[in-house]
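A closer look at the structure
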Amino acid sequence: MRVLIIEDEKRLADALVQIFGKNKMTADASYNGIDGLDNALTGIYDVIVLDIMLPGMNGIEVLGKMRREGIKTPVILLTAKDEISDKVKGLDSGADDYLTKPFSTEELLARVRALGRRTATELICDNSLSFDDLSLDISSYILTCQGNSVKLGLKEFSIMELLIRNANKIITKENLLVKIWGYESDAEYNNVEVYISFLRKKLGYIKSNVSIKTQRGVGYILEVK
Ligand code: CA
C-alpha cells in the first residue's frame, strides 16, 4: 500500500513516513499544497493524508482540484482542534475521513488501513488477493496456484499485488517504478524488468494460467494466457 502525506510540519511528515514504513506501507511526503496536488494527481496512491492548513494551496483546495480531475484516492484530512467548519467543508469536498490534531499514530494507521482496504475489498478474501487461478497471501507473501505455492520477496510481492489489483489493465513501467521504488529512488526500468522476469519464473513454477504480458514500449498486463 502506498500513502501520500501532505503536511507542512516537516518533522511530523517525516516521522509519519518512517512509521508507515515500519508498518509495511510505503509513504511519500509533500510539504506544501502545490507539490502535494502534483503528487496526488499521479493517481499512484492508495490513501492520502492531507493537512488543511498548508502553504501554497490549502488542503480543501487540493482535495477539490483532485476530485475535479477524477482522482478518487481516499483522503483523510488532518484538522486542528476547533476547525469544525473545515471538517464540514472537507467532507463536502470529498474527504473520506478526518482526524483531529494531535492524534495517535495508531489511530492514523488504523484509519489508513481501513480506507486502503475499502478500495480493495472486492478482491480481498481471507487475507489474500486473487485473480483467476492465483491467490496471493498478503501476510505471508505466498503465491499459490492449485496446491502449488512459492514465496515472494518483498519487491516481488509489491509488484504482484499491484498487478493483481489492476489485472487486465496495462500498468506502465513508469507507474511500477514510482509506486514500488518511490520518487527518490535511483532504480531504473532495468530493475523493473529483472523483477518481472523473477515473477514470470515463479508463475511458471506454480503452473499458473496467468501470465505477465509485455506491452512493448508501455508496460505490463496481468492476464489469463
Ligand atoms: Ca499545517
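Residues numbered from 1 in each chain as written. Predicted model: local features only at pLDDT ≥ 70, side-chain atom pairs only at ≥ 80, totals over all residues. Heavy atoms only, no water.

On to the overall build of the protein chain. What the protein chain contains, in helices and strands, is eight helices and 13 strands. Against the 2.2 N^0.38 benchmark of 17 Å for 225 residues, the protein chain shows a C-alpha radius of gyration of 18 Å, consistent with a compact globule. Across its three principal directions, the C-alpha atoms of the protein chain cover 60 × 35 × 30 Å. Within the protein chain, buried positions represent 45% of all 225 residues. (Helix = DSSP H or I, 4+ residues; strand = E, 2+ residues; numbered from the N terminus. Rg over C-alpha atoms; globule rule 2.2 N^0.38 Å. Buried < 20%, exposed > 50% of the residue type's maximum accessible area, 1.4 Å probe, protein only.)

Another point: the domain arrangement of the protein chain. Domains assigned within the protein chain are domain 1 (2-119) and domain 2 (123-224). On the side of domain 2, eight residues touch domain 1, which itself brings eight residues to the contact. Contact between domain 1 and domain 2 buries roughly 700 Å² in total, counting both sides, with carbon and sulfur atoms accounting for 47%. A per-residue breakdown of the area domain 1 buries against domain 2 is headed by Arg2, Lys24 and Ile44, which together make up 61% of the total. Here domain 1 and domain 2 share one salt bridge between them. Across the salt bridge formed by Lys179 and Asp46, the nearest N and O atoms sit 3.6 Å from each other. If you look at where domain 1 meets domain 2, you find three residue pairs in polar contact (both at pLDDT 80 or more). Grouping the constituent residues of the side of domain 1 that touches domain 2 by class yields two nonpolar, two polar and four charged. (Domains from an automatic or database assignment. Contact = heavy atoms within 4.5 Å. Buried area = accessible area lost by both parts, 1.4 Å probe. Salt bridge = Lys/Arg side-chain N within 4 Å of Asp/Glu carboxyl O. Polar contact = N/O pair within 3.5 Å; in protein donor to acceptor, adjacent residues only side chain to side chain. Nonpolar A, V, L, I, M, F, W, Y, C, P; charged D, E, K, R; others polar.)

In this section: the packing of aromatic side chains. Under the defined criterion, the tally for this structure stands at three aromatic pairs. Consider the rings of Tyr195 and Phe198, whose centres lie 5.4 Å apart with planes at 80°: the pair is edge-to-face. Pair noted here: Tyr195 and Phe198 are both in helix H8 (residues 189-205), with a separation of three residues, about one helical turn. By the ring-pair criterion, three or more aromatic residues cluster together here, those being Trp181, Tyr195 and Phe198. (Phe/Tyr/Trp six-rings, centres within 6.5 Å; stacked < 30°, edge-to-face > 60°.)

Turning our eyes to something else, we now look at the packing of helix H6 (residues 154-165) against helix H7 (residues 173-181). Their axes nearest at 10 Å, the elements H6 and H7 cross at an angle of 130°. Looking at the two axes, H6 sits oblique to H7. Note that H6 runs across H7; the crossing there is right-handed. Contacts between H6 and H7 involve Lys155, Ser158, Ile159 and Leu162 from the former and Leu176, Lys179, Ile180 and Trp181 from the latter. (Axes fitted to C-alpha atoms, helices over the stretch in contact; angles between N-to-C directions. Parallel < 35°, antiparallel > 145°, perpendicular 65-115°, else oblique. Left-handed = near helix turned anticlockwise from the far one by under 90°.)

With that out of the way, let us pick up the nonpolar core. General note: in soluble globular proteins, nonpolar side chains tend to be found buried as a group. Leu143, Met160, Leu176 and Ile212 are the most contacted members of the largest nonpolar core, which totals 31 residues. Each residue touching Met160, except ones within four places of it in the same chain, is listed here: Leu136, Leu143, Leu152, Leu199, Leu203 and Ile212. Counting residues in hydrophobic clusters, the runner-up holds 20 residues, among them Ile6, Leu54, Ala95 and Val178. (Core = buried A, V, L, I, M, F, W, Y, C linked by side-chain atoms within 4.5 Å.)

It is worth spelling out the sheet that holds strand E13 (residues 219-224) at this point. Strand order in this open sheet of three strands is E11-E13-E12, and the pairing throughout is antiparallel. Each edge of the open sheet is held by one strand with a lone partner, namely strand E11 (170-172) and strand E12 (210-215). Sheet twist, expressed as the average angle between the axes of neighbouring strands with direction ignored, equals 30°. Bridge analysis of E11 against E13 gives three bridges, and the strand direction is antiparallel. Bridged to Ile171 within E13 is Tyr220. In the packing of H8 onto the sheet, the strands contacted are E12 and E13, and the crossing angle to E12 comes to about 150°. (Pairing = 2+ DSSP bridges.)

Attention now moves to the side chain of Lys101. Considering the arrangement of structural elements, one finds Lys101 in the loop between strand E5 (97-100) and helix H5 (105-120). Reaching out from Lys101, the side chain makes a polar contact with the side chain of Asp51 at a distance of 3.2 Å.

A few words now on H8. An ideal rise of 1.5 Å per residue puts 24 Å on 17 residues; H8 measures up with 24 Å between its terminal C-alpha atoms. Every buried residue belonging to H8 is among Val192, Ile196, Leu199 and Leu203, and all of these are buried. Relative to the axis of H8, the buried residues are bounded by an arc of 65° and lie together on one face. In H8, the exposed positions angled more than 90 degrees off the buried face are occupied by Lys201 and Tyr205. Along its buried surface, H8 packs onto strand E8 (134-137), strand E9 (142-145), H6, H7, E12 and E13. (Expected span 1.5 Å × (residues − 1). Arc of directions from axis to C-beta.)

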